[in-house]
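Now for the letters of each chain:
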Amino acid sequence: MSKRSTSPRRRILNKVSKSQLDGPRQPSPDEESIMLTPHSNQPVFGTANPPLTPRIHKVARVATQDADEAEMRLLSEVEGHDALSAQDDDEQDDLSHAKKPLSLKDKQGMALLCVLYLIQGVPIGLAIGSIPLILRAHLSYSQLGIFALSGYPYSLKLFWSPIVDSLFFRKIGRRKSWIVPMQLVIGSLMLWIARNSEQLLEAPDKHLSWLTTVFTTLVFLAATQDIAVDGWALTLLSPENLSYASTCQTFGLNTGYFASFTVFLALNSEDFAKQWGTPRLTLSAYLTFWAIICYSVTVWLLFFKTEDPPNETDEDMNLKRVYSILWSVCKLKHVQALCLMHFVCKIGFQANDAITQLKMVEKGLKKEDMALTVLLDFPFQLVEGYLAARWSRGDKPLEPWIWAFWARLGFAVSAMITIAIFPAPPIPTSFFIFIIVMTIASGFSSTVQFVGVTAFHTRIADPLIGGTYMTLLNTATNLGGTWPRYFVLRGVDIFSVATCSTKDPSELLIKASECVSERGKQVCSDLGGECITMRDGYYYVSSICVAIGLVSLIVYIIPTARRLQALPASKWRVNLNW
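Treat the numbers as computed from the prediction; the structure is a model and nothing was measured.

Draft legend 1. Layout of the overall build of the protein. Within the protein one finds 23 helices and two strands. Split into buried and exposed, the 578 residues of the protein put 57% on the buried side. Look at the contacts in the protein between residues 6 or more apart in sequence, and 84% of them connect residues 24 or more apart. Carbon and sulfur atoms form 64% of the exposed surface of the protein, whose accessible area is close to 24700 Å².

Draft legend 2. Layout of the pattern of salt bridges. Under the criterion given, the structure shown has eight salt bridges. The shortest N-O distance in the salt bridge between Glu362 and Arg136 comes to 2.7 Å. In this pair, Glu362 is assigned in helix 15 (residues 350–363) and Arg136 in the loop between helix 5 (104–135) and helix 6 (141–147), connecting sequence segments 226 residues apart. For the salt bridge of Lys359 with Asp536, the shortest nitrogen-to-oxygen distance reads 2.9 Å. Here Lys359 is found in helix 15, whereas its partner Asp536 is found in the loop between strand 2 (530–535) and helix 23 (537–565), with 177 residues between them in sequence.

Draft legend 3. Here's a closer look at unusual backbone geometry. Along the chain, Pro425 connects to Pro426 via a cis peptide bond; the corresponding omega equals 5°. You can see Pro426 is positioned in the loop between helix 17 (398–420) and helix 18 (429–460).

Draft legend 4. View of the packing of aromatic side chains. Here the structure, examined in full by the defined rule, presents 20 aromatic pairs. The interplanar angle of 65° and the centroid separation of 5.3 Å between the aromatic rings of Tyr538 and Tyr539 together place this pair among those described as edge-to-face. Assessed through its relative accessible area of 24%, Tyr539 is described here as partly exposed. Chaining the aromatic ring pairs together yields one cluster made of Phe264, Tyr286, Phe289 and Trp290. Residue placement shows Arg136 over the ring face of Tyr141; its charged tip is 4.3 Å from the ring centre. Its end group placed over the ring of Phe349, Arg408 keeps NZ or CZ at 3.8 Å from the ring centre.

Draft legend 5. The arrangement of the environment of Glu362 in detail. Overall, the relative accessible area of 21% leaves Glu362 in the partly exposed class. Taking C-alpha positions, Glu362 is 8.1 Å from Arg136, a pair spaced 226 residues apart along the chain.

Draft legend 6. Region of interest: the side chain of Arg136. Residue Arg136 is classed as buried on the basis of its relative accessible area, which comes to 1%. Among the polar contacts made by the side chain of Arg136, one reaches the main-chain carbonyl oxygen of Leu139 at a distance of 3.0 Å.

Draft legend 7. Expanded view of the packing of helix 14 (residues 333–344) against helix 23. In the contact formed by helix 14 and helix 23, the axes pass within 11 Å of each other and the chain directions differ by 145°. Of the two elements, helix 14 crosses helix 23, and the hand of that crossing is left-handed. Only Tyr556, Ile557, Thr560, Ala561, Arg563 and Leu564 of helix 23 make contact with helix 14, whose side of the interface consists of His334, Ala337, Leu338, Leu340, Met341 and Val344. Tallied by class, the residues present in the contact of helix 14 with helix 23 amount to nine nonpolar, two polar and one charged.

Draft legend 8. Examining the packing of helix 17 against helix 18 more closely. Running from amino to carboxyl end, helix 17 crosses helix 18 at an angle of 155°, the nearest separation of the two axes being 8 Å. With respect to helix 18, the element helix 17 is oriented roughly antiparallel. When you trace helix 17 past helix 18, the crossing you get is left-handed. Judged by residue contacts, Leu398, Pro400, Trp401, Ala404, Phe405, Ala407, Arg408, Phe411, Ser414 and Thr418 of helix 17 engage Phe431, Phe434, Met438, Ala441, Ser442, Ser445, Ser446, Val448, Gln449, Gly452, Val453 and Phe456 from helix 18. A class-by-class count of the residues in the contact of helix 17 with helix 18 yields 14 nonpolar, seven polar and one charged.

Draft legend 9. Representation of the confidence of the model for the protein. On average, the protein scores 78 in pLDDT, and the residues at 70 or more come to 77%. Within the protein, helix 1 (residues 8–13) has the poorest average pLDDT of any element, 37, and helix 23 the best, 96. Below a pLDDT of 50 lies the segment residues 1–99, which in the model reaches 252 contacts outside its immediate sequence neighbourhood of four places, other chains included.

Draft legend 10. Here's a closer look at the state of the cysteines. Inspection of every chain in the model, using the stated rule, returns zero disulfides. Here Cys339 is not cross-linked by a disulfide; its sulfur's nearest cysteine counterpart is in Cys330, at 6.6 Å.

About the cut-offs
- Residues numbered from 1 in each chain as written.
- Predicted model: local features only at pLDDT ≥ 70, side-chain atom pairs only at ≥ 80, totals over all residues.
- Heavy atoms only, no water.
- Helix = DSSP H or I, 4+ residues; strand = E, 2+ residues; numbered from the N terminus.
- Buried < 20%, exposed > 50% of the residue type's maximum accessible area, 1.4 Å probe, protein only.
- Contact = heavy atoms within 4.5 Å.
- Areas by Shrake-Rupley, 256 points an atom, 1.4 Å probe, with all protein chains shown as cover.
- Salt bridge = Lys/Arg side-chain N within 4 Å of Asp/Glu carboxyl O.
- Phe/Tyr/Trp six-rings, centres within 6.5 Å; stacked < 30°, edge-to-face > 60°.
- Lys NZ or Arg CZ within 6 Å of the ring centre and 35° of its normal.
- Polar contact = N/O pair within 3.5 Å; in protein donor to acceptor, adjacent residues only side chain to side chain.
- Axes fitted to C-alpha atoms, helices over the stretch in contact; angles between N-to-C directions.
- Left-handed = near helix turned anticlockwise from the far one by under 90°.
- Nonpolar A, V, L, I, M, F, W, Y, C, P; charged D, E, K, R; others polar.
- Parallel < 35°, antiparallel > 145°, perpendicular 65-115°, else oblique.
- pLDDT = per-residue confidence, 0-100.
- Disulfide = S-S within 2.5 Å.

Have a look at this one:
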């Protein structure tokens, strides 16, 4: 493995470098696509759409033009003229390449990418979509908060992605060295869950540690496979067709996610099976089917698909250098301020994101109807992403982000009112339509925030290390949406006060922790009692979150965002002369 240092001037002249093409190597589920990721900040449980979204494999030339020109001014006059001339030549080459039709190799590569992203989306859709809604009938919010930890690996991919990029077996291939074993283990883990699903889900409170560990492992494996697939996309497709990689990821991830969330929840419902006369799809049968698909694709990859040899000059081939670059970026005081802002800015709507849809199911909304809102909302994501991208252009992309912040706080308050006036089942059609409209509107504000902050990251990221820089910023953004989730779910149980009132005065009252979950309510009913909720912790936790969000927005977030937005590009650069 050779080490090759490249001068800043050469890196700028060589615009289509690995770090630039790669864009954000593992954008988090919160930060992966400008055009097709409207609900990146939606709740982990019962999400309106997957927190996995297509990343941009190639940073758009238009989006980084200002940053590039700023770098040119750092060169000498002659060097800057030469570099800009080379850039113009590259743009002309891009225009000529864009006119070429897709080759057979590109079509085959796109098909393979769609399948690989599909396999990745299936376990993710289960872990953060359908399984929590199924567990809601048996677990308290505190226990669901523990299970929520299973989604964390997707937020932390940054820390092991350089290892996936730099360590591999040459005989197998740089990307296949990771994809093949990850998919074999994913398939095996799916089979294990399938064989034990009845036992695990029959009494999930007794097997919560096992459930959390198994699904955390499943998400970790899928996240690792995602890193390798993202890198392989850069060589599977020709340079002029790299933009299709995001299309493949959009199709694959969303198809896998919706299959495990929307389709599985509907087919798993006994009411749906009776209504349509179809056999009920069990978790065991579903996982067995996908394990077979996973094994089949993996065997084909191993024996019938040849991977191109790696490029020894790629920046991410040097493991030590990538981690050194990350540390250099972390030491910038403005990056530290931005990461701190990301770390606290999503507290205001965490209760709405993590709990509201669970409360709707608790109030009587069927799980399959909740899944239907996901499906109906998906077409609106395309239009929302386009509008948000237009509003976030220019040198102040955080202004729409700030305005959307106010909207999201407003939707958090509206959600509390919606839960308070939620009708008893059966849910009227008019109220169900109202839920769909609120979901779409709330998702639009999430889209504006996501697009705005992603545009800002693209503008400030050092073009010499664009991929590594963007990955760090995206990780900080995603962590801001994941770390509070356990605490808000735990807080609902802490603030809730409910008892099981029985007619026999000699019977002890069942305390809140046992009368909040659906299982506790059933136990109370079996005793001939009735669960009485004297205080619902959801309203307390959501109110606290909104209050913290409002104060932090006025006092800290808005001033910090506008100060960071006004900084010149040179303030975000790092010294790479080592």
